[in-house]
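# Structural overview for review
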Amino acid sequence: QVQLVESGGGLVQPGGSLRLSCVASGSIERIYMMGWYRQAPGKQRDLVARIISNDNSVYTDSVKGRFTISRDNAKNTVSLQMNSLKPEDTAVYYCTAFIQEPRRSGASDYWGQGTQVTVSS
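Being a predicted model, the structure only gives us computed values, none of them experimental.

## Quick look at the sheet that holds strand β3 (residues 18–26)
- Spatially, four strands are ordered β1-β3-β8-β7 in an open sheet, and the strand pairing comes out antiparallel. Edge strands, defined here as strands with exactly one partner in the open sheet, are β1 (2–7) and β7 (67–72). Taken over all neighbouring pairs, the strand axes of this sheet differ in orientation by 15° on average, direction set aside.
- In this structure, β1 lies alongside β3, joined through six bridges in antiparallel fashion. Residue pairing in the sheet places Val2 in a bridge with Gly26 of β3.

Given below as structure tokens:
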């Protein structure tokens with residue numbers, strides 16, 4: 001069984017910074033991709049950033065230049081450094097990973113439980 005656990009959310013003023021972290025644990029043979037999505041109240045869940053390697057990442061346009069995604073393969077972790085936060089960044093942030101388990105045919109998507117980020121003065 002694979003689990004993803006996020007940490008690092010909270011309340012921050014506009015212009016501030018937060019760092020989200022996510023660790024994958026359990027029966028893992030290989031993690032192909034890790035990423036972050038977010039969902040604001042009444043809206044769909046949207047991609048924030050995803051990463052295959054530290055030189056191969058993708059960001060949604062609204063966070064480019066402000067957010068940085070990184071991963072540590074040895075620790076099965078992905079982090080999201082969020083700077084210059086804006087009220088519109090307020091959402092529940094979800095970690096996701098595309099993971100191959102041993103003795104399974106094909107990899108699967110896994111999701112964390114989400115962590116709340118609130119940007120408000």
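## Considering the pairing of strand β11 (residues 115–119)
- Only one face of β11 is covered, namely the face carrying Thr115, Val117 and Val119; the face carrying Gln116 and Thr118 is uncovered.
- Alignment of strand β2 (residues 10–12) against β11, held across three bridges, turns out to be parallel. Note on β11: the bridge partner recorded for Val12 is Val119.
- When strand β9 (residues 91–100) meets β11, the two strands line up antiparallel, connected through three bridges. Looking at β11, one finds that Ala91 is bridged to Val117.

Cut-offs applied
Residues numbered from 1 in each chain as written. Predicted model: local features only at pLDDT ≥ 70, side-chain atom pairs only at ≥ 80, totals over all residues. Heavy atoms only, no water. Pairing = 2+ DSSP bridges. Helix = DSSP H or I, 4+ residues; strand = E, 2+ residues; numbered from the N terminus. Axes fitted to C-alpha atoms, helices over the stretch in contact; angles between N-to-C directions. Buried < 20%, exposed > 50% of the residue type's maximum accessible area, 1.4 Å probe, protein only.

Any functional reading would require information beyond the geometric quantities listed.
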